[in-house]
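# A look at the structure
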Amino acid sequence: MSVNRTLFYAGLACSFGLAFPFQTLHAAPQWIWTGSSAKDGEKATFTKTFTVSGNIKSARLDFTCDNGAVAYLNGTKVAENADWNSATTANVAKLLKSGQNELKIDATNEGATAGLVAVLKITTADGKETLVETGADWTASETGGKDTKPATAIAKYGASPWGEALKGASSGATGEISDMVVAPGFEVKLIYTVPKSEQGSWVAITEDNKGRLITSDQYGTLYRVTLPPAGKDEPPKVEPLKLPNGPSGKPLGGAHGLLYAFDSLYVMDNETEDTGLWRLTDTNRDDEFNKAELIRKCDGGGEHGTHGIVLGPDGKSIYFVNGNHTKLPEKLDYSRPVAIGEDHLTPRMWDANGHARGILAPGGYVCKTDPDGKHVELFAGGFRNQYDIAFDANGELFTYDSDMEWDLGSPWYMPTRINHIVSAGDYGWRSGSGRWPSHYADSLPEVLDIGPGSPTGTVFGTGAKFPAKYQRALYALDWTYGTMWAIHLVPDGATFKATKEEFVAGKPMPFTDAIISRTDGSMYFTTGGRKSQSALYKVTYTGKDSTAPAPKVEPTAEAKLRRQIETLHEEKAGGDSIGKAWPYLSHKDRFIRFAAREAIERQPAQKWADKALAETNPQASIEALIALARVGDKSLQPKIFVSLGRLDFAKLPQELKLPYLRAWQLVFTRMGKPAPDVCAKIVERLDPLFPDADPHINRDLVDLLVFLDSRSIVAKTVPLLDTAKDADITIASDAVLSRNDGYATAVEGMHGSHPNRQAISYANALREAKVGWTPELRKTFFGWFPRTSKWSGGNSFKGFLNNIRTMALTNCVTDETERAALDTLSKAAPPAPPSNLVMPKGPGKDYTVDEIDALAKEGLKGRNFEQGKAMFSAQLCINCHHFGGDGGNSGPDLTGSGNRYTVKDLAENIIEPSKVISDQYPSEQLDLKDGTTVVGRVVVQENGKLFVMASALAPDALTVVDEAQIKTRSPFNTSMMPPGLLTPLNKDELLDLFAYILSGGNPKDAKFAK
């Protein structure tokens, strides 16, 4: 499953009682581990002794361990848990004895954090219950070691990221799924429940030349499944395959990818010492694979290791995929991607918990090989952990790539996504905070964002006895949230756009792989993974629509052109590629431009550098200069500056502005930082562009201007930490999240707290700023961090924020005394709300102006005056706005709002405060004669001095400016009003607030009449 799931805080839940009188208790287990921090690969044993007396009626053990654990009671193994998000239960009454008992749990961890939790519920004949729970009174030791110590309680049960991980604990013995969701007209049938203790947990499936299925146990051997004849309700015949030994002397196995082709079984060995792509053949025709050839070594294992294999659309080649913890194949013969790099202008922060530290691009990748593995080429890269790939009927390649769920809430978090994989493609994964945004012109965007999850298998419905719509669909399997998505693709130029549909879903339903059978046209899929209960299912169509073979969708003219240009990426392509590809650098289609640029980059830069520098078409010029920055000689940098300088940002079409800024970034990341005087000239060009209405342009500009040592960017950006508007942060529906209570905790926490990713991106860039600071700006900047304490996200979210803070203290503060004071300020707890303050109950959402206007059409009747008044205080309105004789004065008086505003006007003023800014409450930009800049609201002007407030949330941090030192004074068209004020409110809270404001605080207003 996606490896983002292997770096869990290993967690185990088991509760056993001490020798205490039998009484009914409320569960309060704690997550425990050997210490406050954990080691990757750590194996630990936790033990609890307890005394039992009386007649035992029942005893149930619920436990779960992030990555894996085995529980023993009085020396007898009682149950095994494969993953913390699927808790395990076991009835253990028969193993309890009168007197002293011992519960032992052997736990394993992968990643930087770990924890264990468990509950044993004992019921006696008289109906009394006793709970024995994990806590600091357990003992801990290294597995196999003799030294013991008290376990460390690291979190209360229910804490993030595990949540209520014991909910829905199951023995998982049958494979039957409750509350299964199936697309209309389809039927899902359980074919086989895998006996876990004998045949493991299946993660890959293929079909051989006789219509038999071959499956793989994640940590064991392969199995051949012979299905019963059509119409016969018989169990399948399941038999283990005898596999040859690898160089290690151990049998091959642990495969994440299987493919039967060319009269051979291709096996992507993952979990043994012999990782890589193997070809198994039956040379003596006894129906057993007796010959094994390692056709290409791939150094990588585990859940980010070696993965899926598919047959190429030409029927003559094989494509395989590996995750981002896998090195490129040994002795790679050719690479279609050229000049792969990291290309971060703001230095990358590695993951705050150590995941993928030191791993560089291309990360996860796709390779193409001939059947014998004699020629292996890198086809595309820049993935995180794509488990599988699939070709459509026209030979277009797709994958379902994973997210890094620990990044939830950060600007660099990317949801799981469907990618259209093309020749030489780079899809932007870089480790830590370095994940590229989708708009970078030297990468390719997603077709469709799915949301949080753990992507596993993918397959097209080609050949299925399904209606045409479903024959053409891509099926993308999510292990975490038990959902198989049907992705309906529509051609869009040289690529596709898509919508998603829940095809099959259930809880628990950890999907692993799927195929369309060539024999009967049914879909077969497996569930399992991480030693969880595994099963084999069959999907058939039982509706009335035709299942006749669907004709292929004719490729678009753009798709044909793109594929024609991609032939110039092949080894045989010569110098004429430059002339053939150049005209398409200005094509309106991004995928065509990408293909053309990659073709040109393959040729020696000296052959086309002058052409690139002289190009006059803005689109072609930007693409050509990106290419030259990536592969050209560093001596060309000054000439590239001149060519970029010919382009007027203000006159560029909107779609060229981000590529233009990316070209500037690349000329620095590839060719280095120029001299200070050159930087200053470039700043003169770029500095007036900030801020822009586009948030992505603003992010790129801040990165560039900080890098170039702009003396004004700090002053212009610090006020935006409290006013930057962020996009909707909702990434998954409640229905999907309900399928995994454990993993959903972090997502729900993010949805509820609404971290401002735009502000975080600004802070991340400012941590590198060396110039432009004043004591007041530093105080405002570091005073922002306590206000982020309410934000919640993934496991690394808080660590990233703290790393931004500590790096800024090092980079932006030179005086030791000031640094100590700012360190204290930045770690201070935010002031507690008044005890009588009523906070929003939520759940909130990112409302739009039109949504609020629609809600109010019928909603401003019978409202709750007291709740409206409470929301006015809770959402800080009273702090800045005078209202009915109370409140602050840093914003307009709202007392007469009902006479001035419609609901839509009021909503617009709150949600889009920078659209219209009152001339009584302006922000200004003061450019000083020494080259520095001050931005904010002038709150006092007297005796030749201006007192400037940079943030309404830090009103005491005033910058004093000598009026005689001001060079220019101009409007700064960004409101100081904080964003997201309405997002915590539910529908009723929002309507009560609007009724309160529009009524002028009058409880007798008709809006409150019952």
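Rules of the game
- Residues numbered from 1 in each chain as written.
- Predicted model: local features only at pLDDT ≥ 70, side-chain atom pairs only at ≥ 80, totals over all residues.
- Heavy atoms only, no water.
- Core = buried A, V, L, I, M, F, W, Y, C linked by side-chain atoms within 4.5 Å.
- Buried < 20%, exposed > 50% of the residue type's maximum accessible area, 1.4 Å probe, protein only.
- Helix = DSSP H or I, 4+ residues; strand = E, 2+ residues; numbered from the N terminus.
- Axes fitted to C-alpha atoms, helices over the stretch in contact; angles between N-to-C directions.
- Parallel < 35°, antiparallel > 145°, perpendicular 65-115°, else oblique.
- Left-handed = near helix turned anticlockwise from the far one by under 90°.
- Contact = heavy atoms within 4.5 Å.
- Pairing = 2+ DSSP bridges.
- Phe/Tyr/Trp six-rings, centres within 6.5 Å; stacked < 30°, edge-to-face > 60°.
- Lys NZ or Arg CZ within 6 Å of the ring centre and 35° of its normal.
- Arc of directions from axis to C-beta.
- Salt bridge = Lys/Arg side-chain N within 4 Å of Asp/Glu carboxyl O.

- Per an unreviewed UniProt entry, the chain carries the name C-type cytochrome and comes from Luteolibacter yonseiensis.

### Some words on the nonpolar core
- Judged by nonpolar contacts, the single largest core of 109 residues is most densely connected at Trp 664, Phe 668, Leu 686 and Phe 781.
- If one sorts the elements of this core by residue count, helix H9 (residues 654-671) sits on top with 10 residues.
- One finds Ala 390, Phe 460, Ile 729 and Val 736 within the second-largest nonpolar core, a separate group that totals 35 residues.

### Comments concerning the packing of helix H17 (residues 797-812) against helix H18 (residues 816-827)
- Running from N to C, H17 and H18 cross one another at 165°; their axes reach a closest spacing of 10 Å. When the interaxial angle is binned, H17 and H18 end up roughly antiparallel. Crossing geometry of H17 relative to H18 is assigned as right-handed. Taken together, the residues of H18 that come into contact with H17 (itself represented by Arg 805, Leu 809 and Thr 810) are Arg 819, Leu 822, Asp 823, Ser 826 and Lys 827.

### Considerations on the sheet that holds strand S24 (residues 318-322)
- Spatial ordering of the open sheet is given by S23-S24-S26-S27-S25, a layout of five strands whose pairing is mixed. Pairing within the sheet leaves two strands with one partner each, and these edge strands are strand S23 (306-311) and strand S25 (334-335).
- Pairing of strand S26 (residues 364-369) with strand S27 (residues 376-383), which is carried by six bridges, proceeds in the antiparallel orientation. Following the sheet pairing, Thr 369 is matched in S27 by Val 376.

### Some points on the packing of aromatic side chains
- Within this structure, the stated rule accounts for 38 aromatic pairs.
- Note on Trp 33 and Phe 46: the rings are 5.3 Å apart at their centroids and 50° apart in plane angle, and the pair reads as tilted. Here Trp 33, found in strand S1 (residues 30-33), pairs with Phe 46, found in strand S2 (residues 43-52); they are 13 residues apart in sequence, far enough to count as distant. Accessibility classification places Trp 33 together with Phe 46 in one group, the buried group.
- One aromatic cluster in this structure is built from Phe 186, Phe 466, Tyr 470, Tyr 475, Phe 503 and Tyr 541.
- Sitting over the face of the ring of Tyr 72, Lys 104 holds its NZ or CZ atom 5.0 Å from the ring centroid.
- Between Arg 430 and the ring centre of Trp 436, over which it is positioned, the NZ or CZ distance is 3.9 Å.

### Things to note about the packing of helix H16 (residues 775-783) against H18
- Two elements in contact, H16 and H18, have axes whose closest approach is 8 Å; the angle formed by their N-to-C orientations is 30°. Taken together, the axis directions place H16 and H18 in an arrangement best described as roughly parallel. Regarding H16 and H18, the two cross each other, and that crossing is right-handed. For the pair formed by H16 and H18, the contact residues are Pro 775, Arg 778, Lys 779, Phe 782 and Gly 783 on the first element and Glu 818, Leu 822, Leu 825 and Ser 826 on the second.

### Let's talk about helix H3 (residues 557-566)
- Among the residues of H3, those classed as buried are Ala 559, Leu 561, Arg 562, Ile 565 and Glu 566. Each buried residue of H3 sits inside an arc of 160° when the element is viewed along its axis, so together they form one side. Away from the buried face of H3 by more than 90 degrees, exposed residues Ala 557 and Gln 564 are located.
- As for H3, its buried residues are in contact with strand S30 (416-421) and helix H5 (590-601).

### Here's the deal with the pattern of salt bridges
- Following the criterion strictly, the structure yields 57 salt bridges and no others.
- Ionic pairing is found between Lys 189 and Asp 233, a salt bridge with its closest N-O pair at 3.8 Å. Of this pair, Lys 189 sits in strand S14 (residues 186-193) while Asp 233 sits in the loop between strand S17 (222-226) and strand S18 (237-240), and the two are 44 residues apart along the sequence.
- Lys 189 gets classed as partly exposed once you look at its relative accessible area, which sits at 41%.
- Using a relative accessible area of 70% as the deciding quantity, one classes Asp 233 as exposed.
- Asp 850 is paired through a salt bridge with Lys 904; the nearest N and O atoms lie 3.7 Å apart.

### Some thoughts on the sheet that holds strand S37 (residues 523-527)
- Ordered in space as S14-S38-S37-S36, the four strands form an open sheet in which the pairing is antiparallel. Both outer strands of the open sheet, S14 and strand S36 (511-516), are each paired with one neighbouring strand and no more. Sheet twist, expressed as the mean angle between neighbouring strand axes with direction ignored, is 25°.
- With seven bridges joining them, S14 and strand S38 (residues 535-541) adopt antiparallel strand pairing. By the bridge assignment, Glu 187 is partnered in S38 with Thr 540.

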